[in-house]
Amino acid sequence: MPDIELRGVNKIFKGKVIAMEDVNLKIKHGEYVFLLGPSGCGKTTTLRVISGLEQPDNGEVLIDNKDVKDLLPEDRGMGFVFQHFEIFPFMTVWENCIYGLKVRGFSDEVLIEHGERALKTVGLLDYADEYPTVFGNPGLQRLGIARAIATGAKILVMDEPLGSLDPKARLSFRHELRDLVKRLGLTAIQVTHDQDEALAIGDQIIVMRQGRILQYGPPEELYERPTSLFVANFIGEMNFLEGFIYPNVLGNNYLVRLEIRGPKLYASKDHAIFPDFAVDQRVVIAFRFEDVYVYPQNFDFNKPGHERMEEELNFIPANLYSMRFVGKTTRFIAKFASGEMIQATKPGTFPYQLSPGDPIILGIHPHDIITFEHPKDLAYEIDLS
Amino acid sequence: MNYIPEIRLEHIVKHYRGEGGLNDVSLTIQDGEYFTLLGNTGGGKTTLLHIIAGLVKPDAGQILFDGVDITRKKPYERNLGLVFENYALFPHMSVEENISYSHRVKGYDPQETAQISREFQHMMRLYNREKAIPSELSGGMQQRVALGRALMNMEGSGILLLDEPFKALDAGLRMNLRVEIRNLAKSEKLKLTVIHITNDMTEAMMVSDRIALIRDGKIVQVGIPEEIYYQPANLFVAYFFSDTVYFPGVVAAVEDSSYSVVVAKNVAFKVDNPIAKFQRGGAVVLVVRNDYFKIYAEPVSPEDKDNILTGKITTAKFMGPFIRFSVSLEIGNIIAIDIPSTYGVREKFPAGQNVWLTFNPKKAFLFPDPGEEKLKELYFEI
Amino acid sequence: MRQEKNRWTTKLIAVEKELSKPRYRKLTDGIVIGFFIFVIIGPIFNIFSTVVVSYWEIQSNVFNDPLTGDLQWQIMGTVLLRSFWIAGLAVLIDVIIGLPMAILLTRFEFRGKQFLDAMVDLPLAVPTSALGFSVLLFWGSRFGIAGLFGLDVGFFSAGPLLILITHIIFTYPFIVRSLKIVLQETPKVYEDAATTLGAPGLTVFRTITGPLVKEGVIAGIILAFARSLGETGATIIVAGMYETAPIVIVKLRRALELPAAAFLSMILIGICLALLAGIKFFSRRVGFPIKKIWPTGERFLSKPIFRKTRNILAVGIFLAFIFITAMFILTYVFQPQDPPLWAELNGGDLKWAYLWTSLMNSFLIGGITTLIVMVMGVPMAFIIVNRKWKKVNTLLDTLIDIPLAIPSAALGFATFMFWGSPGLDLFFPGFWLIVWVHVAFTSPYMIRPVISIIKKSNKGLEDASRTLGASNLTTFRRITLPIIKNGILAGAIMAFARSLGETGATIVVMGDIRTIPVLIVDWVETQAMGSAALASVIIILFAFVLLLILRYVSRPRRVLNA
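By convention here, each chain's residues receive numbers from 1 onward along its written sequence. Naming scheme: in the order in which they are written, chains are lettered from A and ligands are numbered from 1. The model is predicted, so local features are restricted to residues of pLDDT at least 70 and side-chain atom pairs to those at 80 or more, both for listing and for counting; the totals for chains, interfaces and linings are taken over all residues.

This brings us to the overall build of chain B. The helix count covers DSSP runs of H or I at least four residues long, the strand count covers runs of E at least two residues long, and both are numbered beginning at the N terminus. The secondary structure content of chain B amounts to ten helices and 20 strands. C-alpha extents for chain B along the principal axes are approximately 80 × 45 × 35 Å. Three classes are used. A residue is buried when 20 or more other C-beta atoms lie within 10 Å of its own, exposed when 12 or fewer do, and partly exposed in between, with C-beta atoms placed from the backbone. Residues classed as buried in chain B amount to 45% of the 382 residues present. By definition, residue pairs are in contact when their C-beta atoms, positioned from the backbone, come within 7 Å. Residue pairs in contact within chain B that sit at least 24 positions apart in sequence constitute 67% of those at least 6 positions apart.

Structure (structure tokens):
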């Protein structure tokens, strides 16, 4: 079972667009790996270089430690799934499914065995003699997957396979996709711009921006320990506040004085990107929406369940800008006198009555704060494009 | 016009060969409301928008603004602004020319027009891009130009129609823009009724005052987000808004509004105050949103909680704010539930762990059982 | 159903894999490109060199003839000018009456639209010499409209006006067709957006539609202009004593004054090539007139009443003027003749036999031409679309358009000089020379539709096929071909129809062979009206059938998915 590796790969289009810059990655067999990033970051090009549909300008492409640069796509043992399905409209479901086997000249018995197995795996065996026009988009993609795995390919290469589905279908289909990949023991490499998707079903996520790999690791790592502001912002939902390091240090925490009218927060050193910030150094602190506690102004912390909060949390006073119920969560936007906004999300409905304009208290635990060095251009670092 | 009318659609019908038709649609949209038409592709929402805009004539039915029948009026007589899917920015005109187009074709004073156009550009956070042409702009910027163009047409007040405005943009950008667009619509500088079309239920929930769910040319339910989420009118609506867990069963007993539903041998669940009423013996399907479960590592006594399920964790997947547990239940099914990922949750429930799940009888839904075929159709879309 | 026969398929697949290798592709590329260069450029190049070589002869015959001085040159100048103003006027009038029709057919829905659409295409199906004859009868003789008024001669006599009318009629469907295509490719959504922004119809057209379609429109106009410049068959029939450039070329050729004919051909070809080259630069620079907007005036003119009047006028003029004239010949055949048709046909000079042989010739030539053009043209279309050689591709693209822009008589003459005795001496005037000329002319009709359908078809499907293990050739056979086959069929039908109607070049190279269109010309010149009419009717009916098949084959098909 092969590992896939790229070493020092570069690719430039039309003399100036840098699609890949010094890309190094290793995908272990059996892993479900995501190439994640904004439009134009190079993720699709990387996928195409891995699969052989594009040739790199230089660098090595290795499968099972062998250089495959000269191998055609069809000879690399990969199955490809496309965003727009690319189902052959003039062939039946069956003919589509066995196409890969047929053009390689396999015998009838092999065709029937593998074809039926593939269609059964995706639940389309009953539709074998129909034409694909009977399907909606989810059905078409199921057929696309069946067609890719029927050839016995052990590596599934997918370019935004859920991109053409309606959001609800995307949500349920993604788990089916993961189940299928794991059940068949495949290696999966998937391109997406949707971090939600990558977090939900990926084993490893590779975040790219402008041709470079920014960070690479399992979802938890990227989520809880992003190594750059961009990754912090791109994965999950992140608040950012600027400030600088204050002289006092409490235990294992920094004291950060915020630039928004000066409240001071304790931020855990363990979660800082550089554990040795100097006093007065300008920093940016980051914390997730769901890690923000929201309290009405005169909240009684002696209520059961909130005992230790007063001790452990940082508190910032603010005003409620809006509170919206969005089903799984309630979303808050809090505004400061200086005009900046912080967002928070809480699961389910919020038990306290609040109206826009009400004063509230936001609470953040020090170990939920990640501290970064302040970059030259903060806007650029957290720009999602 | 400086005021915005109440919009009433009455019995709108439009037939198309294939999909996208409308089958007797009636709606009322209040002035100043942020109203969303939500539904899957081909369900008829774009058709409805085009009819409201006056680009398409309905086969039957009326459109009334404040009680006045405007079904025959041209688009520009309806004081609305339309942002098309893919924006439809005039490719041969600059940003400035696009945004100010509406005023130029009406012959307004060029000086004033330039001034107003600059104001709208700033409102849309477009700085120093006046002379750029659409192909030079990013997707997000193009969208803002389209919005600016529509708003300037309405001179800041009127009916704003948005046709899947974020569809072409990356997921991360979409989240930010949803917040922005609602803020913009509700800002004091503008007086807008917004009709927003989308197929994304999270988006609908985030931006709307009210949502109308449309399916195959018919309105399925209309209401504020809480209403639709907590009181779905049918199985489709319940399923549409979140991942759900379902148990087919039979009503065993009814007491006041509390139902006891048998879902498996010796296993009955309690449901309080469902929307529909059922008789004893009725075939039903019990639906619970997959984030409504509470999970325990120790046995739970029926005296403390209702609706207890026992099972074993098979897999756990970190999904950011939630952890998705796959639980193999003793009654046979394997269900997937989402639990908020607070500290220690994953350690507390490793794979193989025996767990007890409970759900609140008030938060479960009860619907008539549509049969295995229909259930399969809904949950396993082909 | 699941039983598959696999033995010879396996062998076929192996062969395809071998032939997909790069070296074979280079070979086929070379052959195909070489073929077209030879067939199209060869004759043109030859003409230019002939002129250079025979410079002294031309000097003496054309410019310094001992008897007539530079009369020849003066004549050439005059006829060139005539061809130009006729073409210019015809195209201008066609754009004015054709644009509303094109808009009507692309932006509006109404009952009978498909019918009207087919009717607009119909004059395309009428070979030009038959068209010319129809015009002659309708406007220029007592059998036509003049007869209704009891007149003894036609409204117009053979001459410039009749030529103008003929050119207006046969260029009309070209212009409408190309306007339609350009309008169809411009998404309606921009116009919708402008409408919602308050622009009335006229303003939308001026500020949005106009600029977006201008390049395509100008290209279409220039090609139509060139077509009109070079039309020979119909012009000969209705010209009478009035001569235009292509007529003079034919005349010189018949009189075996080859250097002079070569000279005139060269000038004509040179001008058309310049025009063709000019399209690429010219159309981009031309700004759409006037950025200023007059709101009240334009809003007034956009009122429904003006729109309705415009549409009615467009349809009315088309029906009354163009359609009836083009179709008139069909009714003429059934009018009693003097002498009766039977007598004429079976008279001494065996017209009946001639009719029969010419018909056979036309079909045979058409068939062989179409076959050759299909075999060479389809690969050429792929080369132009797929190969990534930037500059060369634009050149090849222009190469394909050359036969469209060049007057048929001129290219015919050049071909004769190239392949016949003055040149390579491979072919005598006759059957095969006609085939070569037809191949040159019908190539664009085949290649353009195929290029357009390749561009529209989904490259993703081919990617999918290749990632599934199919070699390039297998992918072509199993995936690409089924998708583009309708485009190829459409191209073949258009090429065949073009060949059927080709007159000008055929006259120059035919020797003793006759095709139907040329026969018509012959018979009109010898006043055998009835027979000419019958021949016209036969070929028109056949062309109709082809047109119907073409429309059926080109109707839009359902696409799968997102």
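Residues and elements named next belong to chain C. It is at 9 Å that the axes of helix H22 (residues 472-501) and helix H25 (residues 529-553) come closest, and there the two elements cross at 165°. As the angle between them shows, H22 and H25 are arranged roughly antiparallel. Considering how the two elements wind past one another, H22 and H25 form a crossing that is left-handed. For the pair formed by H22 and H25, the contact residues are Asn 486, Leu 489, Ala 490, Ile 493, Met 494, Phe 496, Ala 497 and Leu 500 on the first element and Ile 539, Ala 543, Leu 546, Ile 549, Leu 550 and Val 553 on the second. Here the contact of H22 with H25 is built from residues that sort into 13 nonpolar, one polar and no charged. Only the stretch in contact is used when fitting a helix axis, every axis being a line fitted to C-alpha atoms; angles between N-to-C directions are given from 0 to 180 degrees. Orientation is classified from the angle alone, with under 35 degrees giving roughly parallel, over 145 giving roughly antiparallel, 65 to 115 giving roughly perpendicular, and any other angle giving oblique. Crossing handedness follows the turn of the near helix against the far one: under a right angle anticlockwise gives a left-handed crossing, and clockwise gives a right-handed one. Side-chain classes follow a simple rule in which Ala, Val, Leu, Ile, Met, Phe, Trp, Tyr, Cys and Pro form the nonpolar group, Asp, Glu, Lys and Arg form the charged group, and the remainder, Gly included, forms the polar group.

Turning to the interface of chain B and chain A, a few remarks are in order. Interfaces are often sized by the amount of accessible area the parts lose when they come together. At the interface, 34 residues of chain B touch 37 residues of chain A. Of all the secondary structure elements, the ones that give two or more residues to the side of chain B that touches chain A are helix H5 (171-186), helix H6 (201-207), helix H7 (225-230), helix H8 (235-241), strand E16 (308-318) and strand E18 (334-340) of chain B. No other element matches H5(B), which puts five residues into the side of chain B that touches chain A. When its residues are assigned to classes, the side of chain B that touches chain A shows 18 nonpolar, nine polar and seven charged.

Residues and elements named next belong to chain A. DSSP bridges decide pairing: two strands pair if at least two such bridges lie between them. Taken together, the six bridges between strand E16 (residues 314-325) and strand E19 (residues 359-364) define a ladder with antiparallel strand orientation. Bridge assignment links Asn 319 to a residue of E19, and that residue is Pro 359. Taken together, the six bridges between E16 and strand E17 (residues 329-335) define a ladder with antiparallel strand orientation. From the neighbouring strand, Asn 319 faces E17, where its bridge partner is Lys 335. Here E16 folds back onto E17, and the loop between the two strands holds three residues, one of which, Gly 327, carries a positive phi near 90°.

It is worth spelling out the sheet that holds strand E9 (residues 204-209) of chain A at this point. Two pairing modes exist for strands in a sheet, parallel and antiparallel, and in both the strands are linked by backbone hydrogen bonds. Residue and element names in this part refer to chain A. Strand order in the open sheet made by the six strands is E6-E7-E8-E3-E9-E10, with mixed pairing throughout. The open sheet has two edge strands with one neighbour each: strand E6 (78-81) and strand E10 (212-217). Ignoring which end each strand starts from, the neighbouring axes of this sheet average 15° apart. Across five bridges, the pairing between strand E7 (residues 155-159) and strand E8 (residues 187-192) is parallel. Bridge pairing in E8 places Leu 156 opposite Ala 188. Packing against the sheet, helix H4 (residues 137-150) makes contact with E6 and E7, and its axis sits at approximately 170° to E6.

Moving on to the pairing of strand E12 (residues 258-264) of chain B. All names here are of chain B. Here five bridges tie strand E11 (residues 244-255) to E12, and the two strands are oriented antiparallel to one another. Bridge pairing links Ala 253 to Ser 260 in E12. The antiparallel hairpin formed by E11 and E12 contains two residues in its connecting segment, where Asp 256 sits at a positive phi of about 55°. Two strands pair when backbone bridges link them, and E12 and strand E13 (residues 267-272) are joined in this way by six bridges, in the antiparallel orientation.

The subject of this paragraph is unusual backbone geometry. Residue and element names in this part refer to chain B. Even without glycine at this site, Asp 66 takes up a positive phi of about 55°. Its location among the elements puts Asp 66 in the loop between strand E4 (60-65) and strand E5 (68-69). Phi angles above zero are rare outside glycine, and Arg 125 is one such case at about 60°. Structurally, the position occupied by Arg 125 is in the loop between helix H3 (110-123) and helix H4 (139-153). Using a count of 12 C-beta atoms within 10 Å as the deciding quantity, one classes Arg 125 as exposed.

Another aspect to go through is the domain arrangement of chain B. When cut into domains, chain B gives domain 1 (7-235), domain 2 (244-287 + 364-382) and domain 3 (293-358). Where each domain begins and ends follows an automated or database-derived domain assignment. The centre of domain 1 of chain B, based on its C-alpha atoms, is set 42 Å off from the matching centre of domain 3 of chain B.

Right, let's get into the sheet that holds strand E10 (residues 218-223) of chain B. Residue and element names in this part refer to chain B. Read across the sheet, six strands follow the order E6-E7-E8-E3-E9-E10 without closing on themselves; strand pairing throughout is mixed. The open sheet has two edge strands with one neighbour each: strand E6 (80-83) and E10. Shown here is a sheet whose adjacent strand axes are inclined to one another by a mean of 15°, direction ignored. Where strand E9 (residues 210-215) and E10 come together, five bridges link them in antiparallel fashion. For Ile 214, the partnering residue across the bridge sits in E10 and is Ile 219.

The residue Pro225(B) is located in helix H7 in this model. Between the alpha carbons of Pro225(B) and Arg289(B) there is a distance of 15 Å; along the sequence they are 64 residues apart.

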